[in-house]
Amino acid sequence: MSDSKPECKYGEKCFRLQADHFSSFRHPHLNTILSQTNSDIRIPSAYSCKIPKDNLLRQLEIVKSFDSPSNSPSSSKAAQPDTGAKKMDPGSLKRNLLNYREYVQKRSKGDILSKIEHSEPYRYFLSAIADESKTHDDMLSVSFPELLSNKLGTLESSLQINFMVQITWLYAQYAVYNEKTTPITLLYGCEDAEMSDAIQKKLLPTLNATYIKPSAFGSHHTKMMILSYTDKSIRVIVTTGNLIEFDWENTTQGIWISPRLPFIEQRTDEEYQFDSETKFKKDLLSYLRAYNLSVLNPWIEKVKNADCREVKVFFIASTPGTHSKKAPVNWGLNRLAELLNQNALVPSENAKDWPLYYQCSSIGSLGKDPHAWLLGEVTRVMSSAKKCLSFQPPVKLIYPSFDDVFSSYDGLAAGGCLPYNQATHDKQPWLNQYLCKWKSNIRNRTKSMPHIKTYCRISPCKKYLSWFLLTSANLSKAAWGMENKAKTDLRILSYEAGVLFIPTFLIEKDRFPLTNEKPSEDGPQFPLHYDIPPTPYTSSDSPWVMDMLQNA
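Notes on the structure in this doc start here. (Residues numbered from 1 in each chain as written. Predicted model: local features only at pLDDT ≥ 70, side-chain atom pairs only at ≥ 80, totals over all residues. Heavy atoms only, no water.)

**Focus: the side chain of Gln-428**
Okay, step 1: Within the element layout of this structure, Gln-428 appears in the loop between helix H14 (422-426) and strand S13 (435-436).
Okay, step 2: Under the relative-accessibility criterion, Gln-428 is labelled buried at 1%.
Okay, step 3: Polar contacts involving the side chain of Gln-428 include one to the main-chain carbonyl oxygen of Gly-364, which spans 3.1 Å.
Okay, step 4: A distance of 3.0 Å separates the side chain of Gln-428 from the side chain of Tyr-420, its partner in a polar contact.
Okay, step 5: If we ignore the near neighbours within four places in the chain, the residues touching Gln-428 are Ile-363, Gly-364, Ser-365, Leu-366, Gly-367 and Tyr-420. (Helix = DSSP H or I, 4+ residues; strand = E, 2+ residues; numbered from the N terminus. Buried < 20%, exposed > 50% of the residue type's maximum accessible area, 1.4 Å probe, protein only. Polar contact = N/O pair within 3.5 Å; in protein donor to acceptor, adjacent residues only side chain to side chain. Contact = heavy atoms within 4.5 Å.)

**Thoughts on the packing of aromatic side chains**
Okay, step 1: Tallied over the entire structure, the rule returns 26 aromatic pairs.
Okay, step 2: Ring geometry for Phe-144 versus Trp-248: centroids 5.0 Å apart, planes at 70°, classification edge-to-face. Here Trp-248 lies in the loop between strand S7 (234-239) and strand S8 (254-257) and Phe-144 lies in helix H6 (residues 144-147), a separation of 104 residues in the sequence. Residue Phe-144 shares its accessibility class with Trp-248, and that shared class is buried.
Okay, step 3: Ring geometry for Phe-402 against Phe-406: centres 6.0 Å apart, planes inclined by 20°, an arrangement best described as stacked. (Phe/Tyr/Trp six-rings, centres within 6.5 Å; stacked < 30°, edge-to-face > 60°.)

**With respect to the pairing of S8**
Okay, step 1: Of the two faces of S8, the one holding Gly-254 and Trp-256 and the one holding Ile-255 and Ile-257 are both buried throughout.
Okay, step 2: As defined by bridge partners, strand S1 (residues 124-127) adjoins S8 across three bridges and the pair is classed as antiparallel. By the bridge assignment for S8, Tyr-124 is matched with Trp-256. (Pairing = 2+ DSSP bridges.)

Spelled out as structure tokens, the structure:
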């Protein structure tokens, strides 16, 4: 490693586990430890660790890997292959790509087409976890490169809409299952030096990238992609993960994969022909048009020309601005209220006993008391249902505690995907009474911190689900919106996107079963990703805040 690199300001307290960080900054203490070991990496008994030993060992593996570029990745955090932003020896690149492909395939066993068939009718997956082998054989777990597999179709081009991007990592994902990189249209919301360099120097000729910044307080937070195949069909994939290595290694992400949407051979002047019962095409087109970007015009045409009749979920999104509730297109809380009032079913005799479960990876400023927003606008909307008066059901907020993060695969470094801060929490101590710990023994992900965001309503007996929402939207006013005093308009600051699952459209039942007790009667079990009932925080528990990393 070059001595010209700057030294990491966190020194021995650095928790980072991304290869890019160690290729950009010097960590003298790691080199000193490695100089005292032979072939096996170990921590000298006299060394006083400032971070968990497991984290330190992984950092040592990463640093050592830079001295052996032809070695296969020895852990999930090993250096990834360069894909074009820097010049490389072609032979070295090919060896690294083969090694990386082997590494990916070890944790994504099974055929992606078989997985999708197995997932029907929900088509809902979780990301495979690098350090949990049980997820590697799970038919409802996928790795990012599988989403780009040529088994799903021969790629012609793709649209990536996201927040954070590691561009060389993204290109490596395309290279795993495809021989060449097809054109990528990218909308992103977080700038970094690597991306700026790639754009300015035109290092990636197949990339057409556009930076999106809605406002000083909002973000371009959507996480989705549209894949276009050579037969003119498309596929829409909604996820919760950024396009960065960290998010797809040991953190839990949610993924919904649409059917392959065929090209309409004989179109009419009707724009929304061949749309689904859920009006998926109409809502997706509204979202793409909200950007008002010419670079999206070809993708708008692709969606217009797609047969979306097989899609059985609702597309629900947020776009920045002040939106009237009487507008033709609704966003955020307004759109969710509209859909739940029209379609969600909850037994009226005990509707107040059906709790709402909010599960997210960050929490915004919610107000001085729970009724300011959480139990006000949000709960009023999410307790909406068809033919049922709105009640104030119990609210449970699943968010990792400090102990959850500390006990995770990546230790405190895993808290990097949970950007809640102490200053915000100090203003809303009342939130503790609603908080529940992160536990996912049912899906083998208790030690894999959740970057996934979901909202749902579950029966008092814990056996049924009224509806389920997978989204990029955390629990914040910026993401969902806040009403004006007259309650006529909703102010939203960020771009978000998700999919809403309603039982009548997917299984022709009033509710989703959460158990497999009566499959012939209730329908296929919905694959919820956390344990219920959730475990409430005790008086000794505290929510994870990012300050814990900075002050470690």
